[in-house]
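# Summary of structural features
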Amino acid sequence: MAASIFASVLMLARTTPTGCGLDEVPCYSTCCCSNTSTVKHCSGRILAEAWAHDAALEHSDGWESHDYTEAWAKLRPEPPLCFPVPAVQRQVKRYGQIGAGTSFGTALHNLASQPGIDRVLEIGTFFGGGSTPDLASSIRDKPRDFSPNCVRRQAPDGGGLHKCCHSVVVTMEVFSPAWKHASQYLRGMPVWCVHGTTVTAEEMLQPSEISSRDKGPHFKLYYQRDRDLMQKFTPKLSELCRDIRFGLVLIDGNEYTGWAEFNKVRSECRPQYIALHDTQTLKTHRIEEFLEKNQSEYKLLLRKDETASGASCGLVGCKGEASFVPNSAGWAIYEKV
């Protein structure tokens, strides 16, 4: 049985219990969890026990010892998501495309601030300074009936620091230099930077599906490079969608994978909201065309240049594009029907 990508990062193990099968891994001290469905099989009671233990150890960071076990059972049906935190290597600057104060950045920030949006998936981290910190601050700062949102602990095998968060942004990036930069910049936020690809190289748009107009300099420079890079990774999007319930998914990745990513997101993630960046480009053209013709699944909530009025304009304060920091890229947000 293939091991889940979560087997090494979701376990809150400190001691190894006896009786684990070949397809199971230790979960804290008294239960075993199937590698193929870690999130679903770990007991909420056991995870709450670990949460309370960690909270009691974190006095130096301002945490107080509370009975998280009872609060967990009443308030949180899902266990916290645990992931590795990279060691500090260097200070890096914010660098990204969707800057603070843009219309899209504002819309994403306010959307992620809504109740029920606890976990966000972002496809295309880039260097981590665009939409990611705005999404992360939204889910981190929203009112909640328990605290803290995250606790930190050492991995049981001495493998470094782990962070366990209730509300979290999972962001994916395949280009190694960008992923490394983002991992450092976002280290202090409730963000899991996943290094890898979303879909297979075979699921990319094939050359026969790309018009001659779209086979310009960008295609010549990046298409084959990206295809070769993707062949080195095992796709992770389906597994993320299966194991984590996302309320919002932002598709802002590779120019040639947007259509394949959208199909997995709508059929496997099934989030309440889907956000698209770089609309009216090759990346999103087929997605927008599909959503225009099939409105029984997702309906348009808001898009660039239509923010001054309408039922959903409050997401950006019903202000026109001229009121925001200029940004040339198009965007749109869709809501599940």
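Residues numbered from 1 in each chain as written. Predicted model: local features only at pLDDT ≥ 70, side-chain atom pairs only at ≥ 80, totals over all residues. Heavy atoms only, no water.

## Focus: the state of the cysteines
Here a disulfide denotes a covalent bond joining the sulfur atom of one cysteine to the sulfur atom of another. Filter applied, for reference: Cysteine sulfur atoms that pair up within 2.5 Å are treated as a disulfide. Numbering goes from the N terminus for both helices and strands, where a helix is a DSSP run of H or I of at least four residues and a strand is a run of E of at least two.
All told, the structure shown has four disulfides when counted by the stated rule. Two residues share a disulfide in this structure: Cys82 and Cys164, whose sulfurs sit 2.2 Å from each other. Negative torsions about the S-S bond denote left-handed disulfides, and the value of about 115 degrees found for Cys82 with Cys164 makes this one right-handed. Remark: Cys164 occurs in strand E6 (residues 161-165) and Cys82 occurs in strand E3 (residues 81-84); sequence separation between them is 82 residues.

## Section: the confidence of the model for the protein
Rule in force here: Residue-level confidence of the predictor is what pLDDT reports, using numbers from 0 through 100. The contact criterion used throughout is that any non-hydrogen atoms of two residues lie within 4.5 Å.
Here the protein averages 80 in pLDDT, while 75% of its residues score no lower than 70. In the model of the protein, helix H1 (residues 38-41) stands out as the element of lowest mean pLDDT, 38, in contrast to strand E9 (residues 248-251), which has the highest, 98. Here residues 1-77 is modelled with pLDDT under 50, and outside its nearest four sequence neighbours on either side it reaches 142 contacts, counting other chains as well.

## Describing the pairing of E9
To keep it simple, the criterion reads: Exposed residues in this analysis have more than 50% of their type's maximum accessible area, buried residues have under 20%, and partly exposed residues fall in between, with area computed by a 1.4 Å probe over protein chains only. Two strands make a pair as long as DSSP finds a minimum of two bridges between them.
Judged by which residues are buried, E9 turns out to be covered on both faces: Leu248 and Leu250 on one side and Val249 and Ile251 on the other are all buried. Alignment of strand E4 (residues 119-123) against E9, held across four bridges, turns out to be parallel. Bridge pairing in E9 links Leu121 to Val249.

## Quick word on the side chain of Asp134
Inspection of the secondary structure puts Asp134 in helix H5 (residues 131-141). On the basis of relative accessible area, Asp134 is assigned to the buried category, the value being 12%. Those residues in contact with Asp134, other than ones at most four positions away along the chain, are Arg94, Ile98, Gly99, Ala100, Gly105 and His109.

## A look at the pattern of salt bridges
Heads up, the condition is: By convention in these notes, a salt bridge is any Lys or Arg side-chain nitrogen within 4 Å of a carboxyl oxygen on Asp or Glu.
Tallied over the entire structure, the rule returns 12 salt bridges. With a shortest N-O distance of 3.5 Å, Arg242 and Glu239 are connected by a salt bridge. Of this pair, Arg242 and Glu239 both sit in helix H8 (residues 237-243), separated by three residues, roughly a single helical turn. You can call Glu239 buried: its relative accessible area is 15%. Arg303 is the salt-bridge partner of Glu306, the closest N and O atoms lying 3.1 Å from each other. Overall, Glu306 belongs to the partly exposed group, its relative accessible area being 41%. The exposure class assigned to Arg303 is partly exposed, which follows from its relative accessible area of 31%. Salt bridges here are not isolated pairs; linked through shared partners, they connect Glu203, Lys264 and Glu268.

## Points about the sheet that holds E9
So the rule is basically this: Geometry is summarised by axes, namely lines fitted to C-alpha atoms with helices restricted to the contacting stretch, and by angles between N-to-C directions that run from 0 to 180 degrees.
Strand order in the open sheet formed by seven strands is E8-E7-E4-E9-E10-E12-E11, and the pairing between neighbours is mixed. Each of the sheet's edge strands pairs with one partner strand only, and the pair in question is strand E8 (191-195) and strand E11 (298-303). Here the average twist between neighbouring strands, direction ignored, is 20 degrees. Seen against the sheet, helix H6 (residues 176-185) touches strand E7 (168-173) and E8 and runs at an angle of roughly 160 degrees to E8.

## Focus on the sheet that holds E3
Spatially, three strands are ordered E3-E6-E5 in an open sheet, and the strand pairing comes out antiparallel. In the strand order of this sheet, the two ends are held by E3 and strand E5 (150-154), each with one partner. Direction aside, neighbouring strands of the sheet carry axes that sit 25 degrees apart on average. Of the pairings in the sheet, the one linking E5 to E6 comprises five bridges and is antiparallel in character. Paired with Cys150 across the strands is Cys165, a residue of E6.

## Side note on the packing of aromatic side chains
In this description, a pair of aromatic rings is defined by centroid distance and the angle of the planes. To be explicit about the condition: Aromatic rings from Phe, Tyr and Trp, taking only the six-membered ring of Trp, are treated as a pair when their centres fall within 6.5 Å; an angle between ring planes under 30 degrees marks them as stacked, one over 60 as edge-to-face, and anything in between as tilted. A ring has a charge above it when a Lys NZ or an Arg CZ is no more than 6 Å from the ring centre and no more than 35 degrees off the ring normal.
Taken as a whole and assessed by the stated rule, the structure comprises nine aromatic pairs. Ring geometry for Phe126 and Phe127: centres 4.9 Å apart, planes at 85 degrees, overall edge-to-face. For Phe126, a relative accessible area of 32% puts it in the partly exposed group. Judged by centre distance (4.9 Å) and plane angle (25 degrees), the ring pair of Phe219 and Tyr223 falls under stacked. Here Phe219 pairs with Tyr223, and both are found in helix H7 (residues 217-230), just four residues apart, close to one helical turn. With a relative accessible area of 15%, Phe219 lands in the buried category. Classification of Tyr223 as buried rests on a relative accessible area of 5%. Ring-pair connections join several aromatic residues into one group, and the members of that group are Phe219, Tyr223 and Tyr256. Over the ring of Phe175 we find Arg225, and its NZ or CZ is 5.3 Å from the ring centre.

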